[in-house]
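Descriptive analysis of the structure
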Protein chains: 2
Amino acid sequence: MDLQTALQQLEALQQKQYAYRTASSALYLDGVTVAPRDTAEGRGVALGILAGEEHKLFSDPQVGALLTFLEGETTGLTPEQARQVQLLRRGYDQLSRIPAGEYMEYAQLTNQASDVWHRAKEASDFALFRPVLERLVAFQKKFAGYFDSTKAPYDALLNEYERGMTMEKLDRFFGVLRERLVPVIREIAGRPQIDDSFLHRSFPVEQQRKLSDYLMEVLGLDRAHCAIGETEHPFTLNFTSQDVRITTNYKEHDLADSMYSVIHEGGHALYELGVNPAYDYNCLAGGVSMGVHESQSRFYENLIGRSLPFIRAVFPRIRELFPQQLENVTAEDFYRAVNKAQPSLIRTEADELTYCFHVMIRYEIEKQLIGGTLEVKDIPQVWNALYRDYLGVEVPDDRRGCLQDSHWSGGSFGYFPSYALGSAYGVQMLRNMEREMDVWGPVGRGDLSAVTGWLRDRIHRYGCLLEPGEVVERACGPFDPTVYTDYLEDKYRRLYGLK
Amino acid sequence: MDLQTALQQLEALQQKQYAYRTASSALYLDGVTVAPRDTAEGRGVALGILAGEEHKLFSDPQVGALLTFLEGETTGLTPEQARQVQLLRRGYDQLSRIPAGEYMEYAQLTNQASDVWHRAKEASDFALFRPVLERLVAFQKKFAGYFDSTKAPYDALLNEYERGMTMEKLDRFFGVLRERLVPVIREIAGRPQIDDSFLHRSFPVEQQRKLSDYLMEVLGLDRAHCAIGETEHPFTLNFTSQDVRITTNYKEHDLADSMYSVIHEGGHALYELGVNPAYDYNCLAGGVSMGVHESQSRFYENLIGRSLPFIRAVFPRIRELFPQQLENVTAEDFYRAVNKAQPSLIRTEADELTYCFHVMIRYEIEKQLIGGTLEVKDIPQVWNALYRDYLGVEVPDDRRGCLQDSHWSGGSFGYFPSYALGSAYGVQMLRNMEREMDVWGPVGRGDLSAVTGWLRDRIHRYGCLLEPGEVVERACGPFDPTVYTDYLEDKYRRLYGLK
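So, here is what we can say about the structure in this document. (Residues numbered from 1 in each chain as written. Chains lettered and ligands numbered in written order. Predicted model: local features only at pLDDT ≥ 70, side-chain atom pairs only at ≥ 80, totals over all residues. Heavy atoms only, no water.)

**Things to note about the overall build of chain A**
From N to C terminus, chain A includes 20 helices and three strands. On C-alpha atoms alone, chain A measures out to a radius of gyration of 23 Å, which is about the 23 Å that the 2.2 N^0.38 rule sets for 499 residues. Expressed along its principal axes, the backbone C-alpha trace of chain A runs to roughly 75 × 50 × 45 Å. The proportion of buried residues among the 499 residues of chain A is 60%. Long-range contacts, defined as pairs at least 24 residues apart, comprise 75% of the intrachain contacts of chain A with a sequence gap of at least 6. Total accessible area computed for chain A in this model is approximately 19,300 Å², and 49% of it derives from carbon and sulfur atoms. Counting 54 positive and 71 negative side-chain charges, chain A places the averaged centre of each group 3 Å from the other. (Helix = DSSP H or I, 4+ residues; strand = E, 2+ residues; numbered from the N terminus. Rg over C-alpha atoms; globule rule 2.2 N^0.38 Å. Buried < 20%, exposed > 50% of the residue type's maximum accessible area, 1.4 Å probe, protein only. Contact = heavy atoms within 4.5 Å. Areas by Shrake-Rupley, 256 points an atom, 1.4 Å probe, with all protein chains shown as cover. Lys, Arg positive; Asp, Glu negative; His and termini not counted. Charge placed at Lys NZ, Arg CZ, Asp CG, Glu CD.)

Quick look at the structure:
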């Protein structure tokens, strides 16, 4: 084989990978947006077969031979090509360890599980979800061995979402959060609570859709390349750097819910839209890790979206859309209301301060589930006990308890810690950004272009060219969770007038 | 190879075909419904690659060998399996004549063409569409040779949509229509015109959506298996017999437009939903030909939907939705208005009587284009001249002229005659139905179950098990275009009080 032929094959291989993923994504998107209710079976059959074809293609020994050849040709490769070979090698080694039958069965299972989860959540019926969840957990334990048999199974899964992450590191990280934040939560409980009742008046969905359009405009999301849809659980999906979709979910009596989900998913979308378009159709496309992805979404959602300068900038338009509901409400009232800290039941609705406790609960459960010390049937009981212990709230039903998140139904175990890590990364990025430029002046005028420019320059454009750790190091410096806890302590001490 | 292994391979092959088509359909559906504007490129790359993979799979000589083996095992096959082998053989022989490169290029072209056509139509700019249309026509001429090199190119294309159809048969068919219907159109021109102005008042889209929901209910379309979306050009798409989508397009000042597009597409959907579910995931799934498909859609749209008994049944609900717009309008007024006959510009808005002339114009143009006696650049001029000759109307711009239909942008040449054939088939079906059961009593009560039951029994359930000609023969008896022209003459003579 000569180098040029090998490089053509490398490109063709990645284009095929892109095509299969695009097909699966389109089917998934259809399934959760416009597909009629009783149609999951047909999509499941198609997804299973496509996954099987993809598996066959990428576990073919010829792919292994191609990669081996290119690994010996390092001087002839661009840094991009070398990184592609490295990433494909990882995927190839992993995939070739998963038997094709298992891989297809798993693809069908996750499609079915998504449908079952939706029904189970609607009916608040964990028993309905339990059998598929048991199968999902069994698959994940097996996959963990395929991923890296030298690691503890849950470490192997964590490594998939954030390379190098371990239970040991997370236990330490969450330890710092617990130690620093529990006292703040306790002190707040003794103070007069912020009034956010005006956020729960009636906000017609039609008007909320207009607010979403406005927020997307402020975020600088180009609608010719980014659409918004509506789903049970909001998410971001990227086809290419030129085609990204976000979704939200409108609640008539909760203005902040959809507003902040749009800003959150908008952060994910900005990341995807900012990746070098030269990486479209190859494996450098897309965000590099879940932790870095969440650092971007939570950066826009909390550090920008819940800041006083940003709220001052967007509040006039919000009040224009809801003049009656927000009569006599000031930007400052709005700022305080959307930052109210209160232990609660639903992760996606949690405030910045208590949010990481929701993550910790899921982390503890996953650690035990994958580690084998917890059975699926006992999840509701353990879930409810941890909410009582960590947050002091009683879970009234599984819909608002262990059935609230879609992650497990999609086969994502080890993802949740990314939310907390991303939040911590984000604050370190903000501090560096503040040292280098005027952040709050432009944000206060509703101009996010400089902020997005900084993030694009340090993070977005690289796509998967660099390892997540490298990206984080460049944008944040060395990881230091106290930067995050300092930020939260300071913000909430001011908000609640603590000493 | 033993028979059982061969049959397993036969099933697996068809499931793969299903999976690739499902993927392409999902991408297409996304592209014309919710995808952001500037995202066609990425879908085109994916569609091209998927088409290439599918092509590789089905032009593999192993498939040929499998089919040859099964063709020698006729006694061991069920009638369904024997028919699958027959259909796959046709597809295999055809596909293996198309070079993979051309096939992929064509898949990318049709995706791009759909996007270009949308823009060209919006801007009424034929010059924008012309280059891709030229490429499409060139492909179609080449494909015609691959399909059947013993036939004239346009006959080879016609045969794809309606097996056995030829220019000779169509010239005869359209000759009868011209001879019988032109005098009726001329006589009507001398009579006072029906007043349909109330159909063009302001009908808010929100209310029109409710009308669609109601019509889908009356048609007996199960919403758990059939969704409705909104697109520029309405269409029906089937994933399986359990998952069918229809689309419509609302015009504020034209109540009948979306109403009858919903009933038309609903007819297509009832066909797809009525196919034996045992044919899901194999090549017997779906409607058997475009002519038979249009016989169903136009049956519901015109023979049922534009009948007085049906309108009497649904009018109370329509007036409930639009009380002000339809004040003082009776069911009989509504019946007359939606049946007004008047030469016009837009095929999809044409009345039953003049409709086939729109089809004839497209037929004449396609015949010459594929036959090589007309160049793409001359289409607008010929189009406009034919509209003047056949219908006596002046085409003011290409948007309302030769850019109005999506068919050519999707690579469909030879499809249009199916609309006229289907209309003729439908009337013969109705006459047979009337001989066997009470059609109009239940329809007058808004109950279409017996009508749909009859069609399901004679047509729908067979899917592709029988040849189109066989299905038509069973449901219609021998083809006789005068049954259709008698129906039209009788209906319009009464409506306009001709002698």
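**A closer look at the pairing of strand E2 (residues 236-240) of chain B**
A regular strand places its side chains on the two faces of the sheet in alternate fashion. All names here are of chain B. Alignment of E2 against strand E3 (residues 243-248), held across four bridges, turns out to be antiparallel. Residue Asn238 lies in a different strand from E3, and its bridge partner there is Val244. A loop of two residues connects E2 with E3, the two strands running antiparallel in sequence. (Pairing = 2+ DSSP bridges.)

**Brief notes about the sheet that holds strand E1 (residues 226-230) of chain A**
Each strand in a sheet pairs with another by means of backbone hydrogen bonds, the pair being arranged parallel or else antiparallel. All names here are of chain A. An order of E1-E3-E2 is seen for the three strands of this open sheet, with the pairing classed as mixed. Among the strands making up the open sheet, the edge pair consists of E1 and strand E2 (236-240). Going from strand to strand, the sheet's axes swing by 20 degrees on average, the running direction of each strand aside. (Axes fitted to C-alpha atoms, helices over the stretch in contact; angles between N-to-C directions.)

**Focus: the relation of the copies chain A and chain B**
With an RMSD of 0.0 Å, chain A superimposes on chain B once it is rotated by 180 degrees and translated 0.0 Å along the axis. Within this description, the copies of the chain are treated as partners about a two-fold rotation axis. Taking C-alpha positions as the reference, the residue of chain A nearest the rotation axis is A:Ala23, at 2.6 Å. Of all interface residues in chain A, 100% are interface residues in chain B too; the two copies therefore contact each other through one and the same surface. (Least-squares fit on C-alpha atoms with pLDDT ≥ 70 in both.)

**Here's the deal with the sheet that holds strand E1 (residues 226-230) of chain B**
Residue and element names in this part refer to chain B. Read from one edge of the open sheet, three strands run E1-E3-E2, paired in mixed fashion. Edge strands, defined here as strands with exactly one partner in the open sheet, are E1 and E2. Across the sheet, the mean angle from the axis of one strand to that of its neighbour is 20 degrees, orientation sign disregarded. Of the pairings in the sheet, the one linking E1 to E3 comprises five bridges and is parallel in character. Within the sheet, the bridge partner assigned to Ala227 lies in E3 and is Arg245. Against the sheet, helix H1 (residues 3-32) makes contact with E1, E2 and E3, and its axis sits at roughly 145 degrees relative to E2, the strand it touches most. Contacts between helix H10 (residues 255-274) and the sheet are confined to E1, E2 and E3, with E3 contributing the most and set at about 165 degrees to the helix.

**Here's the deal with the packing of aromatic side chains**
All names here are of chain A. Taken as a whole and judged by the stated rule, the model has 48 aromatic pairs over all chains. On the basis of an interplanar angle of 55 degrees and a centroid distance of 5.3 Å, the ring pair of Phe315 and Phe334 is categorised as tilted. Separated by 19 residues along the polypeptide, Phe315 in helix H12 (residues 308-321) and Phe334 in helix H13 (residues 331-338) bring together distant segments of the chain. Across the pair, exposure class does not vary: Phe315 and Phe334 are buried alike. (Phe/Tyr/Trp six-rings, centres within 6.5 Å; stacked < 30°, edge-to-face > 60°.)

**What to know about the interface of chain A and chain B**
Between chain A and chain B, the contact holds 38 residues from the first and 38 residues from the second. Each partner contributes to the roughly 2,800 Å² buried at the junction of chain A and chain B, and carbon and sulfur atoms together form 64% of this total. Per-residue buried area on chain A facing chain B is highest for A:Pro36, A:Ile49 and A:Ala224; these three make up 16% of the total on that side. Where chain A meets chain B, there are six salt bridges. Note that B:Arg245 is salt-bridged to A:Asp30, the shortest N-O span being 2.7 Å. Of all the secondary structure elements, the ones that give two or more residues to the side of chain A that touches chain B are helix H1 (3-32), helix H2 (40-58), E1 and strand E3 (243-248) of chain A. The element best represented in the side of chain A that touches chain B is H1(A), accounting for eleven residues. In terms of residue class, the side of chain A that touches chain B is built from 20 nonpolar, seven polar and eleven charged. (Buried area = accessible area lost by both parts, 1.4 Å probe. Salt bridge = Lys/Arg side-chain N within 4 Å of Asp/Glu carboxyl O. Nonpolar A, V, L, I, M, F, W, Y, C, P; charged D, E, K, R; others polar.)

**Some points on the pattern of salt bridges**
Residue and element names in this part refer to chain A. For the structure shown, the criterion picks out 96 salt bridges over all chains. Its salt-bridge partner being Arg163, residue Glu467 comes within 3.9 Å of it at the nearest N-O pair. With Glu467 in the loop between helix H18 (449-458) and helix H19 (468-476) and Arg163 in the loop between helix H7 (153-161) and helix H8 (167-189), this pair connects stretches of sequence that are 304 residues apart. Exposure remark for Arg163: the relative accessible area of 40% places this residue in the partly exposed category.

**Details of the packing of helix H14 (residues 352-371) of chain B against helix H20 (residues 481-495) of chain B**
Axis angle and axis distance: for two packed helices, these are the angle between their axes and the distance between the axes, and together they describe the pair. All names here are of chain B. Remark: H14 packs on H20, axes separated minimally by 9 Å, with the N-to-C direction vectors making an angle of 135 degrees. What the angle tells us is that H14 and H20 run oblique. Of H20, the residues touching H14 (which contributes Glu352, Leu353 and Cys356) are Tyr484, Tyr487, Leu488, Lys491 and Tyr492. (Parallel < 35°, antiparallel > 145°, perpendicular 65-115°, else oblique.)

**A look at unusual backbone geometry**
All names here are of chain B. At Ser124, a position not held by glycine, the phi torsion is positive, near 50 degrees. Mapped onto the fold, Ser124 is located in the loop between helix H5 (100-123) and helix H6 (126-147). A positive phi angle, close to 65 degrees, is found at Asn328, a residue other than glycine. The class of Asn328 is exposed, set by a relative accessible area of 70%.

**Regarding helix H19 (residues 468-476) of chain B**
Since there are 3.6 residues in each turn of an α-helix, residues three or four apart along the chain are aligned in direction. All names here are of chain B. Regarding H19, the residues found buried are Pro468, Val471, Val472, Ala475 and Cys476. Seen along its axis, H19 keeps its buried residues to an arc of 105 degrees; they face one direction. Residues of H19 that are buried in the fold lie against helix H11 (290-304), helix H16 (417-436) and helix H18 (449-458). Of the residues flanking the end of H19, it is Gly477, one or two places downstream, whose phi is positive at about 80 degrees. (Arc of directions from axis to C-beta.)

**Details of the state of the cysteines**
Residue and element names in this part refer to chain A. Applying the stated criterion across every chain yields a total of zero disulfides over all chains. Here Cys283 stays free of any disulfide, with the sulfur of Cys464 as its closest cysteine sulfur at 7.4 Å. The structure places no disulfide on Cys356, whose sulfur is separated from the nearest cysteine sulfur, that of Cys476, by 17 Å. Classification of Cys356 by relative accessible area gives buried; the value is 0%. (Disulfide = S-S within 2.5 Å.)

**Remarks on the environment of B:Glu134**
Residue and element names in this part refer to chain B. Mapped onto the elements of the fold, Glu134 is located in helix H6. Distance in space between the C-alpha atoms of Glu134 and Arg43 is 22 Å, their sequence separation being 91 residues. With sequence-adjacent residues up to four places away left out, Glu134 is seen in contact with Val376 and Lys377.

**Some points on the side chain of A:Asp30**
Within the secondary structure, A:Asp30 sits in helix H1. When its relative accessible area of 7% is taken as the criterion, A:Asp30 is described as buried. Beyond its immediate chain neighbours, meaning those up to four positions away, A:Asp30 contacts A:Ala35, A:Arg43, B:Leu29 and B:Arg245.

**Overview of helix H16 (residues 417-436) of chain A**
With 20 residues, H16(A) extends 29 Å from end C-alpha to end C-alpha; this agrees with the ideal 28 Å at 1.5 Å per step. Counted residue by residue, H16(A) has 16 buried out of 20 residues, so it is predominantly covered. (Expected span 1.5 Å × (residues − 1).)

**Section: the environment of A:Gln112**
Residues and elements named next belong to chain A. Looking at the secondary structure, you find Gln112 in helix H5 (residues 100-123). Overall, Gln112 belongs to the partly exposed group, its relative accessible area being 38%. The spacing of Gln112 and Met429 is 317 residues in sequence and 39 Å in space, taken between C-alpha atoms. Among residues more than four places away in sequence, those in contact with Gln112 are Val132 and Arg135.

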